[in-house]
Amino acid sequence: MTPTLALEQLMLHPRYDELIDALRSIAPVHIVDQADAAAADALRLVTTIGADVLGAEQTTPITAGGTPGWLRLGILDALTAWVDGRASTCRHNPHPSRPAPVVAAAWRPGLVACPACAYLVALPRGSERDRTCDACGRVCAGVEHGDGVWPGLLQLGSLIYQYGTCTDCRPAITPDPGPLRRPETAERDRPRGTARVRPRGSRGRGRGRGARR
Ligand SMILES: [Zn+2]
Ligand SMILES: [Zn+2]
């Protein structure tokens, strides 16, 4: 089993939260503190980018099980590739041993960059790749034809993962039900911050309204 699939199984396990609690209790406090701070910074970035770039009013905490499989595997693959050294990085060489927010994208697997180098994972606006759905691979006609790509952000720990889908593949986001036991770990342990709003390049046209979570 690959690390990605192993991690996925762990996260989908009903007792995943207990495992995290146990790991936190035995990990050195300064490591836990650094990881928590990086996750909080990443969430702040997602919230800011979501509001400024995507127009999303808020982020939504979600569970691993409430995340579509392709998206869950995508972010976990980015995470494991970074942790085990398979991923390329920007010249600032972000490393999991120095927790800080990093950026990856569904359309550029194997590349992890610091936020200042996020342009490395950006797509030329309006290009064919910019119009390609990350879930089904379909190239959308473009928002001017009522067939835009819906951008989204997913955050897991310090990792911010960008993706875009066609209208049919937009993730049905199921908010994490029930009271969060510990909000600070909710920010760290599970993907959150899926901010989906206007299709790329919509500039307020076409289907770009609403659908805020
Ligand atoms: Zn960098
Ligand atoms: Zn699609």
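Residues numbered from 1 in each chain as written. Chains lettered and ligands numbered in written order. Predicted model: local features only at pLDDT ≥ 70, side-chain atom pairs only at ≥ 80, totals over all residues. Heavy atoms only, no water.

Draft legend 1. Structural detail: the coordination of the zinc ion (ligand 2). Here the zinc ion (ligand 2) is held by the protein donor atoms C133 (SG), C136 (SG), C166 (SG) and C169 (SG), which lie 2.3 Å from it. Of note is the zinc ion (ligand 2), whose four donor atoms meet at the metal with angles of 100 to 119 degrees in an arrangement that counts as tetrahedral. Look at where the donors of the zinc ion (ligand 2) fall in the sequence and you get C-x2-C-x29-C-x2-C. In this pair, C136 is assigned in the loop between strand 3 (111-112) and strand 4 (150-156) and C166 in the loop between strand 5 (159-165) and helix 5 (183-189), connecting sequence segments 30 residues apart. (Donors = N, O, S within 2.8 Å, 3.2 Å for Na, K, Ca; no water. Tetrahedral: all angles 85-135°; square planar, octahedral: opposite > 155°, others 65-115°. Helix = DSSP H or I, 4+ residues; strand = E, 2+ residues; numbered from the N terminus.)

Draft legend 2. Examining the pairing of strand 2 (residues 102-105) more closely. Neither face of strand 2 is exposed, since V102 and A104 on one face and V103 and A105 on the opposite face are all buried. Judged from the four bridges that link them, strand 2 and strand 5 form a sheet pairing that is parallel. Along strand 5, the bridge assignment pairs V103 with I160. (Buried < 20%, exposed > 50% of the residue type's maximum accessible area, 1.4 Å probe, protein only. Pairing = 2+ DSSP bridges.)

Draft legend 3. Examining the coordination of the zinc ion (ligand 1) more closely. Around the zinc ion (ligand 1), the protein contributes the donor atoms C90 (SG), H92 (ND1), C114 (SG) and C117 (SG), which lie 2.0 to 2.3 Å from the metal centre. Each of the four donor atoms around the zinc ion (ligand 1) contributes to a set of angles spanning 97 to 121 degrees, which defines the coordination as tetrahedral. If you list the donors of the zinc ion (ligand 1) from N- to C-terminus, the spacing comes out as C-x1-H-x21-C-x2-C. Linking C90 in the loop between strand 1 (88-89) and strand 2 with C114 in the loop between strand 3 and strand 4, this pair joins segments that are 24 residues apart in sequence. Just as C90 is buried, C114 falls in that class too.

As far as function goes, none of this settles anything; it's purely spatial.
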